[in-house]
Amino acid sequence: MSDFTTQFAREDGVAVTQYEQGDTVGFVADVGAGTEATADVVAGTAMVVVDDDQYEFDVPAGDATARVNNGVVTVEVVR
């Protein structure tokens with residue numbers, strides 16, 4: 001289990017998944033519509049803030065992007 005999955009799995013009601021598709025590794029967490037959430041990737045570390053809680057986890061080397069859309073946090077890395 002990745003650091004991403006482990007951190008979010010501790011939160012009640014948060015559906016999490018990690019996937020690989022070709023050269024892309026993706027991390028997805030459904031934190032709930034209407035939840036205040038932000039996500040960013042800096043120097044190989046993804047930083048996700050959900051309400052007043054902050055989570056950080058390492059992502060694989062590559063071109064990383066992070067976004068939040070309607071309560072779904074997505075971090076994708078193209079290796």
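Residues numbered from 1 in each chain as written. Predicted model: local features only at pLDDT ≥ 70, side-chain atom pairs only at ≥ 80, totals over all residues. Heavy atoms only, no water.

Caption draft 1: Expanded view of the overall build of the protein chain. Within the protein chain one finds 1 helix and 7 strands. The secondary structure elements of the protein chain, listed N-terminal to C-terminal, are α-β-β-β-β-β-β-β. Principal-axis analysis of the C-alpha atoms places the extent of the protein chain at approximately 30 × 20 × 20 Å. In the protein chain, which comprises 79 residues, the proportion classed as buried is 33%. (Helix = DSSP H or I, 4+ residues; strand = E, 2+ residues; numbered from the N terminus. Buried < 20%, exposed > 50% of the residue type's maximum accessible area, 1.4 Å probe, protein only.)

Caption draft 2: Region of the structure containing the nonpolar core. By size, the foremost hydrophobic cluster in this structure holds 17 residues, and its most contacted members are Phe27, Val31, Ala46, Val50, Phe57, Val59 and Val75. Elements with a minimum of two residues in this core: β2 (24–30), β3 (37–42), β4 (45–50), β5 (53–58) and β7 (72–78). Beyond its immediate stretch of four places on either side in the chain, Phe57 contacts Asp3, Phe4, Gln7, Phe27, Gly44, Thr45, Ala46, Val48 and Val75. (Core = buried A, V, L, I, M, F, W, Y, C linked by side-chain atoms within 4.5 Å. Contact = heavy atoms within 4.5 Å.)

Caption draft 3: Region of the structure containing the pattern of salt bridges. Following the criterion strictly, the structure yields 2 salt bridges and no others. Across the pair Glu76 and Arg67 runs a salt bridge, and its minimum N-O distance is 3.7 Å. Judged by relative accessible area, Glu76 falls into the partly exposed class, the value being 22%. With relative accessibility at 41%, the residue Arg67 sits in the partly exposed group. (Salt bridge = Lys/Arg side-chain N within 4 Å of Asp/Glu carboxyl O.)

Caption draft 4: Up close: the environment of Val50. As for its position among the elements, Val50 is in strand β4. Overall, Val50 belongs to the buried group, its relative accessible area being 11%. In the structure, Val50 is positioned 15 residues away from Thr35 in sequence and 7.1 Å away in space, judged by C-alpha atoms.

Caption draft 5: Here's a closer look at the sheet that holds β2. Reading across from one edge, β1-β2-β7-β6 is the order of the 4 strands in this open sheet, with antiparallel pairing throughout. At either end of the open sheet lies a strand with only one pairing partner, and these are β1 (15–21) and β6 (63–69). On average, adjacent strands in this sheet sit at an angle of 10° to one another, irrespective of strand direction. Across 7 bridges, β1 lies against β2 in antiparallel orientation. Across the sheet, Thr17 pairs through a bridge with Val28, a residue of β2. (Pairing = 2+ DSSP bridges. Axes fitted to C-alpha atoms, helices over the stretch in contact; angles between N-to-C directions.)

Caption draft 6: Fine view of the confidence of the model for the protein chain. This prediction gives the protein chain a mean pLDDT of 89; 91% of its residues lie at or above 70. Mean pLDDT values for the elements of the protein chain range from 72 in helix α1 (residues 3–9) up to 97 in β6. (pLDDT = per-residue confidence, 0-100.)

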